[in-house]
Amino acid sequence: MIKYNAGNAQDAITKELNAWQKENKMSRLWKNDPSLWTNHDENKWTGWLALMQSELSEVNRIMSLAHQIKTEGFKDIVLLGMGGSSLCPAMLAKTFGKIEDYPRLHILDSTDPLQIRHLEERIDLKHTFFIVSSKSGTTLEPNIFKQYFYARLQTVLEKPDVGHCFMAITDPGTALDSLAKDNHFKTIFYGIPSIGGRYSALSNFGMAPAGLMGIDVNKFLGSAIEMTHACGPNIGVLDNPGAILGVILGVCGKLGKNKITLIASPGIHALGAWLEQLLAESTGKQGKGLIPVDQEALGLPSVYGDDRIFIYIRLEDGVDSEQEAGVAALEQAGQVVVRCHLQDKMHLGAALFLWEIATVVAGSILDINPFDQPDVEASKVRTMQLTKEYEQTGKISHPKPIFSKNNIELYTDEINARDIDKHLTGSKDLVDYLRAHLDRIRENDYVDLSAFIEMSNENITSLQQTRLLIRDVKKVATCLGFGPRSLHSTGQVYKGGPNIGVFLQITTDHPEDIPIPGEPYTFGLVINAQAQGDFEVLNQRARRVLRIHIKGDVGAGLKQLHQMIYLALNKDE
């Protein structure tokens, strides 16, 4: 399943593979030996290694609920979640689409008011079933999503008790567990406390939504079970796909080849968003980490530096000829290229377990704890502080803009402002500020566009064009994320990983805002607080960050931004 061309990293990879074999490290991994990592509490978070048989015992209950939902006339299912509770179901919904005779699965993992409004327009509330999914049971976003849609259903169905339209997925004893019981939810599926959110895809957090949308969960888990055997403790390291992939990731990360560039066949392109969180949150800490690069269209070999690993996840029954040619060109250019072959979409279960094993192997080599996420918590804490500030004062504090003209404002902190001033060479217009910020990009850096706006096809297309423009001119890796989901995904490595990122945060106003029942604030205020919290923590971590605030039409503002960045990068035009 794993083939690779290691280029100039081959000797180091071979040495590490031999060390893992000699020191019996895969056996130690399966025995939950914390000394394989930082010898802290890693053994408390390896429940996913022994998950498969217990999850198989849940299949009948999942399928029984799926049948019940169909017969009760539900046409749509909306999962309300964030991060590890939503990314696997989102991947499955995009990969499999609507399955005949089953409801369509939708995901809400954004507090942007337009995202919520447009989702509501696509569903018939009277025939929609809601899944509230949160491992901790205290995650802000799914809780306020529930408050909103519970109240909406009370209005639409004209009755106070609408709990039969909801179910919960959470760990036992959480606040969500109690809420679901108090509100008479149809059912509750429990997580396993020894499995962290991003390792929970093959547990109820991923498999219950999969079954409700019509996926054959038995077959899906069957491929994952096959992979557990292939990656087992008694399989030699040189024949163990999880060990091989993990060693490649870890060794290349230590060598500075830390931009993990994901190339997935079109039929499984959504897998990358799940992998982003797994890699970024697991490895990005203590100034170390792997930077996942997803959905960056393949370019010519000349636009890439020596800081990348290219992971080609090839769907055997959905091969794309242009991707094949592009990957072959990268191999010929001497880049590190790893080929992961996937028989069909139902073997995504195997892929999920493979990457979980590989990630913890890489974490061992990087000498970090792959199960915590300290810097994600920092942004959450700051967001909560800002919402409390609003409750007390009626406003959220933020810095004054360093530039404001027409529909664009620019923000940063004092340290970044002084550094940008050093790079200013023109008349201090928008192009000059953008050029000064982008001139701070160094060799082997990456650029992240973090957009706290609606994740619409139009906005994605505009920002994809901008990221590729930056990549091709600056020859650095580029990332694109939408807040607040990115806070629960790549945010950890951006704040806790190596300080090699240059950030463009994009925000906007919310004229069509939505109030949250029972709260003094709105969804627009929440996403503003999340953006501000992210912005402040990036600044605290001494990151090179510039906020671009678009007033008015977001689509027009993104097109203007693209044009201004083009001019900033092409000084002679």
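Described in the following lines is the structure provided in the data block. From a predicted model like this one, the values you see are computed outputs, not experimental measurements.

Parameters at a glance
Residues numbered from 1 in each chain as written. Predicted model: local features only at pLDDT ≥ 70, side-chain atom pairs only at ≥ 80, totals over all residues. Heavy atoms only, no water. Buried < 20%, exposed > 50% of the residue type's maximum accessible area, 1.4 Å probe, protein only. Helix = DSSP H or I, 4+ residues; strand = E, 2+ residues; numbered from the N terminus. Pairing = 2+ DSSP bridges. Salt bridge = Lys/Arg side-chain N within 4 Å of Asp/Glu carboxyl O. Expected span 1.5 Å × (residues − 1). Axes fitted to C-alpha atoms, helices over the stretch in contact; angles between N-to-C directions. Left-handed = near helix turned anticlockwise from the far one by under 90°. Contact = heavy atoms within 4.5 Å. Nonpolar A, V, L, I, M, F, W, Y, C, P; charged D, E, K, R; others polar.

1. Quick word on the pairing of strand E9 (residues 308–315)
With 8 of its 8 residues buried, E9 lies for the most part within the structure. Neither face of E9 is exposed, since Arg-308, Phe-310, Tyr-312 and Arg-314 on one face and Ile-309, Ile-311, Ile-313 and Leu-315 on the opposite face are all buried. Sheet analysis places strand E7 (residues 259–264) next to E9, joined by 6 bridges and oriented parallel. Bridge assignment links Leu-262 to a residue of E9, and that residue is Ile-311. Examined bridge by bridge, E9 and strand E10 (residues 336–342) share 7 bridges and lie parallel to one another.

2. Considerations on the pattern of salt bridges
Applying the stated criterion across every chain, the model contains 27 salt bridges. Arg-382 is paired through a salt bridge with Glu-536; the nearest N and O atoms lie 2.4 Å apart. Of this pair, Arg-382 sits in helix H15 (residues 374–393) while Glu-536 sits in helix H20 (residues 523–540), placing them 154 residues apart in sequence. Comparing Arg-382 with Glu-536, the two get one shared label, buried.

3. Side note on unusual backbone geometry
Most peptide bonds take the trans configuration, and most residues that are not glycine carry a negative phi. The omega torsion across Gly-483 and Pro-484 is 5°, close enough to zero to call that bond cis. Within the element layout of this structure, Pro-484 appears in the loop between strand E14 (477–482) and helix H19 (491–496). At Gln-295, a residue that is not glycine, the phi angle is positive and equals roughly 60°. Tracing the backbone through its elements, the reader meets Gln-295 in the loop between strand E8 (291–293) and E9. We classify Gln-295 as partly exposed; its relative accessible area is 36%. In this structure, Asn-406 takes a positive phi of about 55° despite not being glycine. Inspection of the secondary structure puts Asn-406 in the loop between strand E11 (403–405) and strand E12 (408–411).

4. Regarding helix H7 (residues 140–157)
Taking 1.5 Å per residue, 18 residues should reach 26 Å; H7 reaches 26 Å between its end C-alpha atoms and fits that length. Looking one or two residues beyond H7, the residue adopting positive phi is Glu-158, at roughly 60°.

5. Points about the packing of helix H17 (residues 430–438) against helix H21 (residues 554–569)
Interaxial distance between H17 and H21 falls to 8 Å at its minimum, and their mutual angle equals 65°. Both H17 and H21 take part in a crossing whose hand is right-handed. Here Leu-430, Val-431, Leu-434, Arg-435 and Leu-438 of H17 come into contact with H21, specifically with Gln-560, Leu-561, Met-564, Ile-565, Leu-567, Ala-568 and Leu-569. A class-by-class count of the residues in the contact of H17 with H21 yields 10 nonpolar, 1 polar and 1 charged.

6. Considering the sheet that holds E7
The 5 strands are arranged E1-E10-E9-E7-E8 in an open sheet whose pairing can be described as mixed. Each end of this open sheet is capped by a strand with a single partner; those strands are strand E1 (2–5) and E8. Put simply, the sheet's adjacent strands are angled 20° from each other on average, direction ignored.

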